[in-house]
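Observations on the three-dimensional arrangement
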Amino acid sequence: MGRKVTAEERRKIFEDIRQFLADELEVNIEEITEETDVVNDLGGDSVIFLEIVEELREKYGIQVEVRTIGQYMLRKAITNIGQAVDALCEVIEKGEELVMAEQEGNAGESRSS
Amino acid sequence: MWCVPPPQDAAAAVFLHDEEISEYARIRAPARAGLWLASRVALKLLAWKLLGLQDPRCSWVTKSEAGVPRLAVEDGAGVGTFACSVSHTDGLAVAALWATPRRRVGVDVQKVTPKLVFLSHCFVGESDRLGVPLPAFWAHTMLWACKEAAAKAWGLGLALDFRTTQIGGEGDGRFQVWSPRHGQLKGQFSILTPQWACAVCFDS
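What comes next is a walk through the structure.

Conventions we followed
Residues numbered from 1 in each chain as written. Chains lettered and ligands numbered in written order. Predicted model: local features only at pLDDT ≥ 70, side-chain atom pairs only at ≥ 80, totals over all residues. Heavy atoms only, no water. Salt bridge = Lys/Arg side-chain N within 4 Å of Asp/Glu carboxyl O. Helix = DSSP H or I, 4+ residues; strand = E, 2+ residues; numbered from the N terminus. Buried < 20%, exposed > 50% of the residue type's maximum accessible area, 1.4 Å probe, protein only. Contact = heavy atoms within 4.5 Å. Buried area = accessible area lost by both parts, 1.4 Å probe. Polar contact = N/O pair within 3.5 Å; in protein donor to acceptor, adjacent residues only side chain to side chain. Nonpolar A, V, L, I, M, F, W, Y, C, P; charged D, E, K, R; others polar. Lys, Arg positive; Asp, Glu negative; His and termini not counted. Phe/Tyr/Trp six-rings, centres within 6.5 Å; stacked < 30°, edge-to-face > 60°.

1. Details of the pattern of salt bridges
Residue and element names in this part refer to chain A. This structure, assessed with the given rule, holds 20 salt bridges over all chains. We note a salt bridge from Arg10 to Glu34, for which the minimum N-O separation is 3.0 Å. Placement of Arg10 in helix α1 (residues 7-25) and of Glu34 in the loop between α1 and α2 (46-60) is noted, with a sequence separation of 24 residues between them. Put simply, Glu30 and Arg18 hold a salt bridge, and the shortest N to O gap is 3.9 Å. Here Glu30 is found in the loop between α1 and α2, whereas its partner Arg18 is found in helix α1, with 12 residues between them in sequence. The class of Glu30 is exposed, set by a relative accessible area of 57%. With relative accessibility at 14%, the residue Arg18 sits in the buried group. Linked by salt bridges that have partners in common, Arg10, Glu34 and Asp86 make up one network.

Below you can see the structure in the form of structure tokens.
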């Protein structure tokens, strides 16, 4: 079970991610907004996502697994930083229950291509 | 594998389908645009070699409902789709294509980095074996490349449980991937000197 994320905490998470990306990808922090696409605009990759998730897990005491966040992000078609922050806030609030509920709701869906 | 040239709109006009040109134009970062273009060029060169594709502008990357990329190829008889995967990082793009319909393939290329040693608790399991002696930075980067290639073949991205997904190397770069939930794949990894680890996974 998670907890409610306040507007101030959401702003802090966004600022943490922004600073992290600016440092790691060596871009001007002013260029990073809620609308920035980490992959297409900044050249980020999966290792960056892994690092961000790990950093936030530690900093905000997030109990869920990387896989859980990955499952949720897979469903939400997240493209920009603002959407990623919203997704992380929802994961913090609802924890493992969020993905379990979605899996039950999509029990008949095939992932094969 | 395709070494990245500077971004060239002329190459885009030769190799890209109309829908891909729109996507290419939306990428704002020049370095990212160059890598994106290089990955498409590599994929279409594979399609020329494996499928006999004559005009690269008659093929384009699309995605299944599950978000898995497919190369659509249009010929006189209609449109066929084939499993494909692309990856790019730090100046290098790679592509993989399976010429048989209804198969899976995933490819990943990673620049060797110590970061993955520090993140190993997120993705390395006790049973993982590459079967080839490598320095720690290389081994962890290669394990990540192998597992990410598998995740892409399964259409999972970071949703794969990387720690319970096992890599079993056979000693010559070939490996098997086992996941309790998703089954088994075969793979091949390569060291691309001086600094890239590359892996491809496919249906066994």
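2. Digging into the interface of chain A and chain B
Of the residues lining the interface, 22 residues belong to chain A; the matching set on chain B comes to 27 residues. Around 2,300 Å² of area is buried between chain A and chain B when both sides are counted, 54% of it from carbon and sulfur atoms. One salt bridge in this structure joins Asp161(B) and Arg67(A), with 3.6 Å as the shortest N-O distance. On inspection of chain A and its partner chain B, the count reaches four residue pairs in polar contact (both at pLDDT 80 or more). When contributions to the side of chain A that touches chain B are tallied by element, the ones reaching two or more residues are α2 and α3 (66-76) of chain A. Grouping the constituent residues of the side of chain A that touches chain B by class yields six nonpolar, eight polar and eight charged.

3. Some thoughts on the side chain of Asp37(A)
Looking at where Asp37(A) falls in the secondary structure, it is placed in the loop between α1 and α2. For Asp37(A), which is buried and forms no salt bridge, the nearest opposite charge comes from Arg32(B), at a distance of 6.7 Å. Ignoring anything within four residues of it in the chain, the contact list for Asp37(A) reads Leu42(A), Thr79(A) and Asn80(A).

4. A short note on the packing of aromatic side chains
Residues and elements named next belong to chain B. What the rule picks out here adds up to five aromatic pairs over all chains. Residues Trp98 and Phe202 carry aromatic rings whose centres are separated by 5.5 Å and whose planes lie at 55° to one another, so their mutual orientation is tilted. Of this pair, Trp98 sits in the loop between β5 (92-97) and β6 (105-111) while Phe202 sits in strand β10 (residues 196-203), and the two are 104 residues apart along the sequence. By relative accessible area, Trp98 is classed as buried at 19%. Relative accessible area serves as the criterion here: at 23%, Phe202 is assigned to the partly exposed category. An aromatic cluster is present here, built from Phe123, Trp144 and Phe162 joined pairwise through their rings.

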